[in-house]
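Residues per chain, in single letters:
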Amino acid sequence: MIKVDSLKHTFTIGKKDKENRIEVLKGINFNIQSKEIVAIVGKSGSGKSTLLQIIAGFMKPESGSILINNTEIAHFSEKESAAFRMNHFGFIFQNFQLLPGQTVFENIELPLKLKGIGHQVRQKKVQEILKKVGLVEVEDHYPNELSGGQQQRVAIARAMITNPPIILADEPTGSLDSQTEQEILLLIQQLNKNEEITFVIITHDEEVASIANRKLRMSDGFLVGGTQYAF
Amino acid sequence: MLFKDQILFVLQHMKKNKLRVTMTVLATMIGCSFLIVLASVGFGIQETMRNEILNQEQITQIELWGNETLTEEDKKFIEEIEHVNVVLKKESINSTIHSKLEGREGDSNGTFIDISAQKKLPSNLSEGRLPETTNEIVVGFHYAQSLLNETDKAEIERKSKAAQEEGGYYDGADEGYKGEILNKKVELQFFDETAEQYGEPISFTIVGILKEPTYDWYIDSSIVFHDELRNAYPALITSPTTLIYVDSLEHVMPVLDELKEKKYQVYSQVEQLEELDLFFLIFKLGLLFIGTIAILIASIGIFNTMTMAVTERTREIGVLKAIGASPNLIQRLFLMESTFIGLLGTILAIGVSYIISFLANAILPHIVSYALSDENIMNHDITFSMIPLSLVIIAGSISILVAIFSGWRPARKATKIQVIHALRQEL
Ligand SMILES: Nc1ncnc2c1ncn2[C@@H]1O[C@H](COP(=O)(O)OP(=O)(O)OP(=O)(O)O)[C@@H](O)[C@H]1O
Ligand SMILES: [Mg+2]
């Protein structure tokens, strides 16, 4: 499903004359099978988020290859990346990233709107998802009227509304207390099982890592620990 | 994204920033109405002047000049040009004609007119009929007024002096022959060029009176003679002109062109109309240019509003991009917003301009006539401001194009926003 090969990335920071190069990814290789839950763990600053952002197409890698269902996406244009994301990825962020001016319903509906799906189908799909994530009562609320756990449920609902095969999550429970974290993890496990969605989750929380089929450990720009490949 | 959803999305955003959007729409409206109202003055004055020219009866008439009188051959040729109705030969006498009636005297310009051609034209008489014989004449509207005796002359001199002291002039309207002159007999003397003095008086009967001239300052005391009378005075020096009457306004130019091609010297008011139109085209372009500056100022407002909108929505743009919105879509959404603002402002401006234009036409004549203390202005049909559809289309397009253009850079800026930077922004 996902195959990453010798992925390298370097940030250049500071002013032009005093450039500082940080090699964040020094050659990453791994694969992920369909229906897996994979956790990416590692110290802060080890490059976890950078890896995920490159896979998502938010930025271009310096070199290397990323195959998603046998499509090479590492060198897509911005437009191609956007179109690809729309059909293959859902995203969950630590700070939810909901649109404050839109209701729960509208937030979840947004990806369908972007895809150009008509009003009636959208209504039906959003209602279905609202049931799945347990948000039927709050569909007309605005994000700032919800608890953190509820907001993250909205984000998850938004991520899966277009039935993407893969959901990429960067610290999905990082802003939640441990009880709420448990609820979200349960939801992720359910979706993985019932909807057959592949999850790639960045975390430094052992609880979160424990629901994963596999852990990829990042250290100093490499993946270490010998669990990079699943067959 | 469906077009309908794009519109709803944009409207939702505009609603959220009601105050700012309203002010920007207002600025656009003011700019655009300024443009329309300014240019409408050009259209209005042009319309007034055009009407002035078109209202003259001579508008379908072409004047033919030349020192020689028109030969029968020429006349025939011209008469056969398509759309030419009548060819009227005229000879105006270079010397004045001296009139005497019941102890009063006056001097007039005289003209021999081809009566048979004149009869084919709509009547130019206010009373009476055209001459049938050589001893019948038609006189100008003010002919009676021009016949004066000694007391009248003294009176006019006195009134003229008084008027001059006040910076005006006196036209002699109160003096002259007061009785009915139709069917009166007058004694006329032609100037004898060889003897260099006026000849013997000859008696003529006034059978008709011409209409009042269109210009109210024009005093018409002329005399019209039957063309056959010309043969009796071969020595008289005259200036011949020929008037060619075309059936309608739009056929004047083609006939004119054909005559020019045949090297006739011609003149028509229609040519004046074309020159007038050219002048006003340039004039109106100048006004449009000045008015466009107002719109450009308004466009700075749109630019500001859109730039702020993009900055405010950076995070939202990031989210949209993250879930798959293409840069094109982002750009389109912002362009639509600035277009809406431009469109709204323009539509309002069109309404406001029509109201201002209407009020200007209703109120300005009163103010002007009061300021000049001249009642006559009220009687004239003066258009101060006119908004034809073409002006609405031109000004509307300028305004909307400028709005789109000023939204362009902010919209481009929105597409350049990077997802990772945008999402890192805190709420
Ligand atoms: N846009 C950027 N420009 C320059 N340097 C960056 C940029 N993004 C990340 N970095 C650097 O790259 C390194 C890896 O950052 P990254 O965010 O991937 O780490 P992380 O593993 O996700 O850490 P954390 O667990 O704290 O989220 C850090 O040293 C960071 O300073
Ligand atoms: Mg991180």
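All of these numbers come straight from a predicted model, not from anything done at the bench.

**Re the site of ligand 1**
Lining the immediate surroundings of ligand 1 are 14 residues, of which Ser44(A), Gly45(A), Lys48(A), Ser49(A) and Thr50(A) lie closest. Each of chains A and B places residues next to ligand 1. For ligand 1, an oxygen atom lies 3.0 Å from a polar atom in the backbone of Gly47(A). At 2.5 Å from an oxygen atom of ligand 1 is found a side-chain nitrogen or oxygen belonging to Thr50(A). For ligand 1, whose accessible area on its own is 630 Å², the fraction buried by protein is 69%. Comparing atom positions with the cavity grids shows ligand 1 to sit within the second largest pocket.

**Digging into the confidence of the model for chain A**
Across chain A, the average pLDDT comes to 92, with 100% of residues at 70 or higher. Per-element confidence in chain A is highest for helix H3 (residues 104-115) of chain A, whose mean pLDDT is 96, and lowest for helix H7 (residues 206-210) of chain A, whose mean pLDDT is 88.

**Here we look at the interface of chain A and chain B**
On the chain B side, the residues contacting the 27 residues of chain A number 24 residues. Area buried by chain A at its contact with chain B is led by Phe58(A), Gln97(A) and Leu114(A), which between them contribute 25% of it. For the pair chain A and chain B, the interface holds two salt bridges. Glu78(A) serves as the salt-bridge partner of Lys321(B), at 2.8 Å between the closest nitrogen and oxygen. Taken together, chain A and chain B are joined by nine residue pairs in polar contact (both at pLDDT 80 or more). Within the residue set of the side of chain A that touches chain B, elements represented by two or more residues are helix H2 (78-88), strand S6 (89-93) and H3 of chain A. Among the residues forming the side of chain A that touches chain B, the class breakdown is 13 nonpolar, seven polar and seven charged.

**Re the UniProt feature "domain: ABC transporter" (unreviewed entry) in chain A**
Here, the residues flagged by UniProt with the feature "domain: ABC transporter" (unreviewed entry) are residues 2-230 of chain A. End C-alpha atoms of residues 2-230 of chain A are separated by 11 Å, and the span's content is 36% helix alongside 28% strand.

**Regarding the UniProt feature "transmembrane region" (unreviewed entry) in chain B**
Residue and element names in this part refer to chain B. The feature "transmembrane region" (unreviewed entry), as annotated in UniProt, sits at residues 21-45, 278-303, 340-364 and 384-408 in this numbering. From the first C-alpha to the last, residues 21-45 spans 36 Å; its make-up is 100% helix and 0% strand. Between the end C-alpha atoms of residues 340-364 the distance is 35 Å, and the span holds 100% helix and 0% strand.

The rules we used
- What you see as residue numbers is a count from 1 along each chain, following the sequence as written.
- Lettering of chains starts at A and numbering of ligands starts at 1, both following the order in which they are written.
- It should be noted that, the model being predicted, local features are given only for residues of pLDDT at least 70 and side-chain atom pairs only at 80 or more, the latter also being counted only at that level, while totals for whole chains, interfaces and linings use all residues.
- Side-chain calculation: all heavy atoms of the structure are included, whereas hydrogens and water are not.
- If even one non-hydrogen atom of a residue comes within 4 Å of a molecule or strand, that residue is called near it.
- Pairs of N or O atoms within 3.5 Å make up the polar contacts considered here, provided that, within protein, one atom can donate a hydrogen while the other can accept it, and that residues adjacent in sequence are counted only when both atoms are side-chain atoms.
- With residues, only the protein chains shown are counted as cover, and all accessible areas are computed by Shrake-Rupley using a 1.4 Å probe.
- In the cavity and pocket records, a cavity denotes points on a 1 Å grid over the protein atoms alone where a 1.4 Å probe fits but cannot get out, a pocket denotes an open set with protein on both sides within 12 Å along at least 5 of 7 lines, and lining residues are residues with an atom within 4 Å of a point.
- Each molecule is assigned to a cavity or pocket provided more than half of its atoms lie within 2 Å of the corresponding grid points.
- Looking at any residue, its pLDDT shows the predictor's confidence there, from 0 to 100.
- A run of DSSP states H or I qualifies as a helix once it reaches four residues; a run of E qualifies as a strand once it reaches two. Both are numbered from the N-terminal end.
- Working rule for contacts: check all heavy atoms of both residues, and any pair within 4.5 Å makes them a contact.
- Summed over both partners, the accessible area lost on bringing two parts together, with a 1.4 Å probe, is the buried area.
- One speaks of a salt bridge when a side-chain nitrogen belonging to Lys or Arg is within 4 Å of a carboxyl oxygen belonging to Asp or Glu.
- Gly is put with the polar residues, along with every residue not named as nonpolar or charged; the nonpolar set is Ala, Val, Leu, Ile, Met, Phe, Trp, Tyr, Cys and Pro, and the charged set is Asp, Glu, Lys and Arg.
- UniProt positions are given in the numbering used here, feature names are shortened, and annotations may be inferred rather than shown by experiment.

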